[in-house]
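Observations on the model geometry
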Amino acid sequence: MPKTVQIRDIDDEVYAGLVRRAGEEGVSVPELLRREATRLAARPSIAEWLRRTGRRPSGLTTDEVVRTLDEWRGEWPDAGR
C-alpha cells in the first residue's frame, strides 16, 4: 500500500531548484521526488557498498595502476626540460 511522505522546512532556493528540475523533465515536483526516492532506496548505502567492495580483493596495487596509466599516457610533453 502506498505511503505518503511530507518534507517540511525546505529552503526557497531548494524548492525553486526542484520546480525547475521537474519542469525540465516534464513532471510535477511530487513525481520528481517519487522517482528520486525510488532510485535512492534501490541503491546501497555507503556503508553497505564499502562492506561489499571491501570483501573483493582487486589483485591490483595502486602502484600497478599508476604505472599502467603512465604507460598508456606516454611521456609528458615537458618531461625533457
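From a predicted model like this one, the values you see are computed outputs, not experimental measurements.

1. Topic: the nonpolar core
- Listed in full, the five residues of the largest apolar core are Leu18, Ala22, Val27, Val29 and Leu32.
- Of all the secondary-structure elements, those providing two or more residues to this core are α1 (12–25) and α2 (29–42).
- Residues in contact with leucine 32, not counting those within four places in the same chain, are Leu18, Arg21, Ala22, Glu25 and Val27.

2. Some thoughts on the pattern of salt bridges
- Considering all chains together, one arrives at nine salt bridges under this definition.
- Glutamate 24 serves as the salt-bridge partner of arginine 20, at 3.2 Å between the closest nitrogen and oxygen. Remark: glutamate 24 and arginine 20 occur in helix α1; sequence separation between them is four residues, near one turn of the helix.
- Judged by relative accessible area, glutamate 24 falls into the exposed class, the value being 55%.
- Connected through shared salt-bridge partners, Arg21, Glu25, Glu31, Arg34 and Arg35 make up one network.

3. Re the confidence of the model for the protein chain
- Mean pLDDT for the protein chain: 88, with 91% of residues reaching 70 or above.
- Averaged over each element, pLDDT in the protein chain is lowest for helix α3 (residues 46–54) (80) and highest for α1 (97).

4. Examining the environment of arginine 39
- For arginine 39, the location among the structural elements is in helix α2.
- Residue classification places arginine 39 among the partly exposed positions, given a relative accessible area of 45%.
- Placed 34 residues apart in sequence, arginine 39 and arginine 73 show a C-alpha to C-alpha distance of 36 Å.
- Separated by 2.7 Å, the side chains of arginine 39 and glutamate 36 make a polar contact.

5. Side note on the environment of aspartate 12
- Locating aspartate 12 in the fold gives a position in helix α1.
- Distance in space between the C-alpha atoms of aspartate 12 and arginine 39 is 24 Å, their sequence separation being 27 residues.

6. Examining a negative patch on the surface
- On the surface, Asp9, Asp11, Asp12 and Glu13 cluster together into a negatively charged patch.
- Mapped onto the elements, aspartate 9 comes out in the segment before α1.
- Since its relative accessible area comes to 77%, aspartate 9 is described here as exposed.

7. Points about a nonpolar patch on the surface
- Taken together, Val5, Ile7, Ile10, Val14, Tyr15, Val19 and Leu33 make up a surface patch of nonpolar side chains, about 620 Å² in accessible area.
- The leading source of residues in the nonpolar patch is α1, at three residues.
- Among the secondary structure elements, valine 14 is positioned in helix α1.
- What makes valine 14 partly exposed here is its relative accessible area of 44%.

What counts, and where the lines are drawn
Residues numbered from 1 in each chain as written. Predicted model: local features only at pLDDT ≥ 70, side-chain atom pairs only at ≥ 80, totals over all residues. Heavy atoms only, no water. Core = buried A, V, L, I, M, F, W, Y, C linked by side-chain atoms within 4.5 Å. Buried < 20%, exposed > 50% of the residue type's maximum accessible area, 1.4 Å probe, protein only. Helix = DSSP H or I, 4+ residues; strand = E, 2+ residues; numbered from the N terminus. Contact = heavy atoms within 4.5 Å. Salt bridge = Lys/Arg side-chain N within 4 Å of Asp/Glu carboxyl O. pLDDT = per-residue confidence, 0-100. Polar contact = N/O pair within 3.5 Å; in protein donor to acceptor, adjacent residues only side chain to side chain. Patch = residues over 30% accessible without salt bridge, like charges linked within 9 Å, V, L, I, M, F, W, Y side chains within 5 Å. Areas by Shrake-Rupley, 256 points an atom, 1.4 Å probe, with all protein chains shown as cover. Lys, Arg positive; Asp, Glu negative; His and termini not counted. Charge placed at Lys NZ, Arg CZ, Asp CG, Glu CD.

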